[in-house]
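# Fold and contact review
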Amino acid sequence: MDVASFWTRSWTSDDRVAVRQMLAPDAEIEWNLDAPVDDEELVQVLHRIAVFADDVALVGQTRADDGAALVYDLKAPFGTARMVEFLTIAGGRITEVRQVYDVTATDRFFPGLYVN
């Protein structure tokens, strides 16, 4: 299994240990949520999605040797939000994570998702 597939399987099944192991120690992480992000906050938000969502479906992907662009539908009890994730991969680990959320839908269907 490739790194991007293992990453997706790990976070959607709420395997926080595997998620942390996939991230390089100096991984760069960015998102468009109104909260600062570091590796710990990323792992916590992915955990919250995994346990709250009725389903997380990978609905689109583009792969390259050094990364992937992944499109997810995050199905909540009252609606679906979309998230796009850009991964950069080197040496079998993820060195960059860029997440773009549909913030309006995320705030509506996953209230408190990224509030500390």
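In this report, we go over the structure that sits alongside the text. Remember, predicted model here, so these are calculated numbers, not experimental data.

## Thoughts on the overall build of the protein
Tallying secondary structure elements over the protein gives four helices and five strands in all. Start at the N end of the protein and walk to the C end: the helices and strands fall as α-α-β-α-β-β-β-β-α. Computed over the C-alpha atoms, the radius of gyration of the protein is 13 Å, within 12% of the 13 Å expected from 2.2 N^0.38 for a compact globule of 116 residues. Viewed in the frame of its principal axes, the protein has a C-alpha envelope of about 40 × 30 × 20 Å. Sequence separation of 24 or more characterises 49% of the internal contacts of the protein that already satisfy a separation of 6 or more. Element-wise, carbon and sulfur atoms account for 50% of the exposed surface of the protein, whose accessible area totals about 6100 Å².

## Quick notes on unusual backbone geometry
Despite not being glycine, D14 has its phi angle at roughly 60°, a positive value. With respect to the element layout, D14 can be found in the loop between α1 (3-12) and α2 (16-22).

## Quick word on empty space enclosed by the protein
Inspection of every chain in the model, using the stated rule, returns one cavity of 30 Å³ or more. Looking at the largest cavity, its volume works out to about 30 Å³. Lining the largest cavity are W11, D14, R16, V19, V43, L46 and H47. Among the elements that take part in the lining of the largest cavity, helix α3 (residues 39-52) stands out by supplying three residues, more than any other. Residues of the lining of the largest cavity, tallied by class, amount to four nonpolar, one polar and two charged.

## Details of the environment of A64
Relative to the helices and strands, A64 is located in strand β2 (residues 55-64). Remark: the alpha-carbon pair of A64 and I89, spanning 25 residues in sequence, is separated by 9.4 Å.

## So, the packing of aromatic side chains
Applying the stated criterion to the full structure yields three aromatic pairs. The interplanar angle of 70° and the centroid separation of 5.2 Å between the aromatic rings of W11 and Y72 together place this pair among those described as edge-to-face. In this pair, W11 is assigned in helix α1 and Y72 in strand β3 (residues 67-76), connecting sequence segments 61 residues apart. As far as the burial class goes, W11 and Y72 line up, both buried.

Calculation notes
- Sequence order as written defines the numbering, with residues in each chain counted from 1.
- Where totals are concerned, whole chains, interfaces and linings use all residues; where local detail is concerned, this predicted model gives features only for residues with pLDDT of at least 70, and gives and counts side-chain atom pairs only at 80 or more.
- Side-chain numbers come from the whole structure's heavy atoms, not from hydrogens or water.
- Elements are defined by DSSP. Helices are runs of H or I of four residues or more, strands are runs of E of two residues or more, and each kind is numbered from the N terminus.
- Throughout, the radius of gyration refers to the C-alpha atoms, and the reference size of a globule is 2.2 Å times the residue count to the power 0.38.
- Should any heavy atoms of two residues lie within 4.5 Å, those residues are counted as being in contact.
- A 1.4 Å probe and the Shrake-Rupley method give the accessible areas. Residues count as covered only by the protein chains that appear here.
- The rule is simple: put a 1 Å grid over the protein atoms alone, call a set of points where a 1.4 Å probe fits but cannot get out a cavity, call an open set with protein on both sides within 12 Å along at least five of seven lines a pocket, and count a residue as lining if it has an atom within 4 Å of a point.
- Grid points are joined across faces, edges and corners, and a volume is the space filled by probe spheres set on the points.
- The residue classification treats Ala, Val, Leu, Ile, Met, Phe, Trp, Tyr, Cys and Pro as nonpolar and Asp, Glu, Lys and Arg as charged. All others, Gly included, are polar.
- For this analysis, a ring pair means two rings from Phe, Tyr or Trp (six-membered ring only for Trp) whose centres lie within 6.5 Å, classed as stacked if their planes differ by under 30 degrees, edge-to-face if by over 60, and tilted for the remaining angles.
- Partly exposed residues are those whose accessible area sits between 20% and 50% of the maximum for their type, while under 20% is buried and over 50% is exposed, using a 1.4 Å probe and protein chains only.

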